[in-house]
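Here is what each chain is made of, one letter per residue.
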Amino acid sequence: MIQSVREQTYSNWELCIANANPANREVAEILRIAAKNARIRIAEVPENEGIAQNTNRALQIATGEFIALLDHDDLLAPNALYEIVKAVNESKGAEVIYTDEDKITMDGEEYFFP
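Residues numbered from 1 in each chain as written. Predicted model: local features only at pLDDT ≥ 70, side-chain atom pairs only at ≥ 80, totals over all residues. Heavy atoms only, no water.

Asker: Please give an account of the environment of Asp74 that cites residues and values.
Answerer: With respect to the element layout, Asp74 can be found in the loop between helix H3 (51–61) and helix H4 (80–90). Take Asp74: its relative accessible area is 25%, and that puts it in the partly exposed class. What Asp74 contacts, discounting residues up to four positions off in sequence, is Met1 and Ser4. A polar atom in the side chain of Asp74 sits 2.7 Å from the backbone nitrogen of Asp71. (Helix = DSSP H or I, 4+ residues; strand = E, 2+ residues; numbered from the N terminus. Buried < 20%, exposed > 50% of the residue type's maximum accessible area, 1.4 Å probe, protein only. Contact = heavy atoms within 4.5 Å. Polar contact = N/O pair within 3.5 Å; in protein donor to acceptor, adjacent residues only side chain to side chain.)

Asker: Tell me about the nonpolar core, and name the residues and values.
Answerer: Counting residues in each nonpolar core, the largest one holds 10 residues, listed as Met1, Ile2, Val5, Trp13, Leu15, Ile17, Leu31, Ala34, Ile40 and Leu81. Setting aside chain neighbours within four positions, we find Leu81 in contact with Gln8, Tyr10, Trp13 and Leu76. (Core = buried A, V, L, I, M, F, W, Y, C linked by side-chain atoms within 4.5 Å.)

Asker: Which residues make up the pairing of strand E1 (residues 15–19), and what values do they have?
Answerer: Burial analysis of E1 places 4 of its 5 residues in the buried class, which makes it a mostly covered element. Direction of pairing for E1 relative to strand E2 (residues 40–44): parallel, over a ladder of 5 bridges. What sits directly across from Cys16, in E2, is Arg41. (Pairing = 2+ DSSP bridges.)

Asker: Residues and numbers for the environment of Gly50, please.
Answerer: Here Gly50 is to be found in the loop between E2 and H3. Since its relative accessible area comes to 26%, Gly50 is described here as partly exposed. Counting along the chain gives 18 residues from Gly50 to Arg32, while the straight-line C-alpha distance between them is 23 Å.

Asker: Can you lay out the environment of Val45 for me, pointing to particular residues and giving the numbers?
Answerer: When you line up the elements, Val45 lands in the loop between E2 and H3. Along the backbone, Val45 and Ala58 are 13 residues apart, and their C-alpha atoms lie at a distance of 9.3 Å. If sequence neighbours within four positions are ignored, Val45 has contacts with Ala18, Asn19, Ala20, Asn21, Pro22, Asn54 and Arg57.

As structure tokens, this is what we get:
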């Protein structure tokens, strides 16, 4: 997920991550490296409080005007944010832009269930 956000063709983004498992050393190292990018912000959540509370914690550190929600196993197409910003700019006054998902195999080779 982090890498797919880094690879966006649209560059004016901020990634806010609520780490609800700070004791996991592997995840902590991935996030430490990711946070070297100034656009990636990490909120440590001492105890996993569930998806709603963890999302709220990430929202507390967000500074942008628009919010997109991602899970740890999500991938964005490289032009996803560009297309969303394009839709925002073409739809003056839009408050919600809805996008949908497609499933892919673990190796990233096959798309199914759009």
